[in-house]
Each structure stands twice: as C-alpha cells, then as structure tokens.
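# Tertiary structure, described
These are the residues of each chain, in order.
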Amino acid sequence: MLFRSSRFRIEIHNSSAGDKDIDDWMKALGAVMVINGSYYGRNGTPSTPILSRGVPLGPKTYTARHGALVVHDRSAAIVDLRSQPWNVAFAGAHDALVSYPLLLAPDGTHVGEETRWLANRSFIAQDATGRIIFGTTVDAFFSLHRLASFLEKSPLGLTRALNLDGGPLACQAVAISSFKRNFCGEWELQANGQNLKLLQPIVG
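Summarised in this report is the structure supplied together with it.

Rules behind the numbers
Residues numbered from 1 in each chain as written. Predicted model: local features only at pLDDT ≥ 70, side-chain atom pairs only at ≥ 80, totals over all residues. Heavy atoms only, no water. Buried < 20%, exposed > 50% of the residue type's maximum accessible area, 1.4 Å probe, protein only. Helix = DSSP H or I, 4+ residues; strand = E, 2+ residues; numbered from the N terminus. Arc of directions from axis to C-beta. Polar contact = N/O pair within 3.5 Å; in protein donor to acceptor, adjacent residues only side chain to side chain. Pairing = 2+ DSSP bridges. Contact = heavy atoms within 4.5 Å. Axes fitted to C-alpha atoms, helices over the stretch in contact; angles between N-to-C directions. Phe/Tyr/Trp six-rings, centres within 6.5 Å; stacked < 30°, edge-to-face > 60°.

Our next topic: helix α1 (residues 22-29). Residues spaced three or four apart along an α-helix face the same direction, because each turn holds 3.6 residues. Within α1 the residues assigned to the buried category are I22, W25, M26 and L29. An end-on view of α1 places all buried positions within 100 degrees of arc, on one side of the element. Every exposed residue of α1 that faces more than 90 degrees away from the buried side is listed here: K27 and A28. The N-capping residue of α1, defined by a side-chain oxygen 3.1 Å from the backbone nitrogen of D23, is D21. At the C-terminal side of α1, G30 shows a positive phi close to 60 degrees.

Shown next, in the form of structure tokens:
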C-alpha cells in the first residue's frame, strides 16, 4: 500500500512475484509511506478483492462481512461491508481493498472473543472528521481483541478501524522531511492454556 505526497494519494499495489521488500516499494513508487495490507495466497496473489489503479485483483467472487478501504480521487474511507457488498463499495474508486476483521465501527468493536494470539499489528483507521490514520505497532503486545479495545479508547476519536496484517509481515516505512522509520514485526505468539506457540520469520 502506497501513501504518496500530493497532498496525499493512497494507492494499493501488489507484486505476486514477491520480488520487492518494503525498501524496494519505497524506491519504486517514490512513496512517503508504505505499509503492508490484506492477505495473500501461496502464489502471492491477493486472497481478498483488491482494486489497484482501477485494475481488479484477487478473487472475483468473495463473501465479505467485515470492511474495506475505498479510495476515490478526492476522498478515502473505511466502509462497513455488513451493510453493502464489496463490489458495490468499490464502484467509482481507483484503489480499494477488502480486509478483516473490522476492528471498530460506530456501533462498537467487532472482533469477537479473545484469542490470546499476540503479534505486531498493522491497521488503518478513520476519525470522526474523516481523516485516515495508518498504524503499525512496534511490539508484539496486541491480540486483535486488545487492539480493537485500545483503538476504541484512544484519544484519536476513531470511528472505524480495519485490521491489515500481523506478525513478521506487519511492516511500515516512512520517509518524509527529516522523519524516517523502517520497521517489520519479528514474531507472534499464541497462548493456549500453558502452551505457547511462537511464529518467527523464515528469512532474516
């Protein structure tokens, strides 16, 4: 996902070859911010519907009951797909993606029961004025339930939030003026009673 200055433009990109890391995307796109998003199959193609510069990617038939980021020329919004199909939400947009779960909506959180799966998390959120906020947590502290609760209680005035990814794949890079940040998650942990399951990156 690209966040480009102009004042700003949000674009969604995919390379199924897996030939670009977050630094490569920053250079190739001339972006001020890149953050990973959504879900992908073993062949690197999106497993949820995506619209990239007007080109549909991912499955053509898909049942979505969570949320989507939908980007038009002069606006962007998180759309609750419980109230409309994703292809209706995508109409007229130049970029869009379906993701899950919908962490926060005006009627509260929608994550379900606590799973105790802790990881670095990336998300996109929207406040009451329509501003779009991208976030990636540094530490693997958040389960989805805990992240939803944290965003709901944060002082940012968020009305909607959508999960993007978690664990070693939760990456974010920023380079704007003198501020630079480049980060990827390192692990995720699931606690089930006294048993712990640790997931680490395959490559360093």
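With that settled, consider the side chain of H13. Note that H13 resides in the loop between β2 (9-11) and α1. Looking at H13, its side chain comes within polar contact range of the side chain of E11, at 2.8 Å.

Right, let's talk about the sheet that holds strand β13 (residues 132-136) for a bit. Read across the open sheet, the 5 strands follow the order β10-β9-β14-β12-β13; overall the sheet is antiparallel. Two strands in the sheet have a free side with no partner beyond their single neighbour: β10 (108-109) and β13. Bridge analysis of strand β9 (residues 102-105) against β10 gives 2 bridges, and the strand direction is antiparallel. Along β10, the bridge assignment pairs A105 with G108. Its contacts with the sheet put helix α3 (residues 144-153) on β9, β10, β12 (121-127) and β14 (158-166), and the angle it makes with β9 is roughly 25 degrees.

The next subject is unusual backbone geometry. Of note, the amide linkage connecting Y100 to P101 takes the cis form, showing an omega dihedral of -5 degrees. Mapping P101 onto the fold places it in the loop between β8 (95-99) and β9. The backbone of R53 sits at a positive phi, close to 50 degrees, despite the residue not being glycine. If you trace the backbone, R53 turns up in the loop between β4 (50-52) and β5 (55-57). Here R53 falls in the exposed class, since its relative accessible area comes to 55%. Here the phi dihedral of S177 falls at roughly 55 degrees; this positive angle occurs in a residue that is not glycine.

The next thing to look at is the packing of aromatic side chains. Within the structure shown, the criterion is met by 3 aromatic pairs. Geometrically, the ring pair formed by Y39 and Y100 is stacked, given 4.3 Å between the ring centres and 15 degrees between the ring planes. Linking Y39 in the loop between β3 (33-35) and β4 with Y100 in the loop between β8 and β9, this pair joins segments that are 61 residues apart in sequence. Judged by centre distance (5.3 Å) and plane angle (70 degrees), the rings of W86 and F90 are edge-to-face. On the criterion of helical spacing, the pair formed by W86 and F90 is a turn pair, its members being 4 residues apart in helix α2 (residues 86-90). Given the relative accessible area of 8%, F90 is considered buried.

For β3 and strand β15 (residues 171-176), the ladder comprises 3 bridges, and the chain directions are antiparallel. Looking at the pairing, I35 lines up with Q172 of β15. Here β15 runs beside strand β16 (residues 179-184); their pairing, made up of 6 bridges, is antiparallel. Paired with C171 across the two strands is C184, which belongs to β16. Remark: 2 residues form the turn of the hairpin made by β15 and β16, two consecutive strands paired antiparallel; S177 in that turn has positive phi of roughly 55 degrees.

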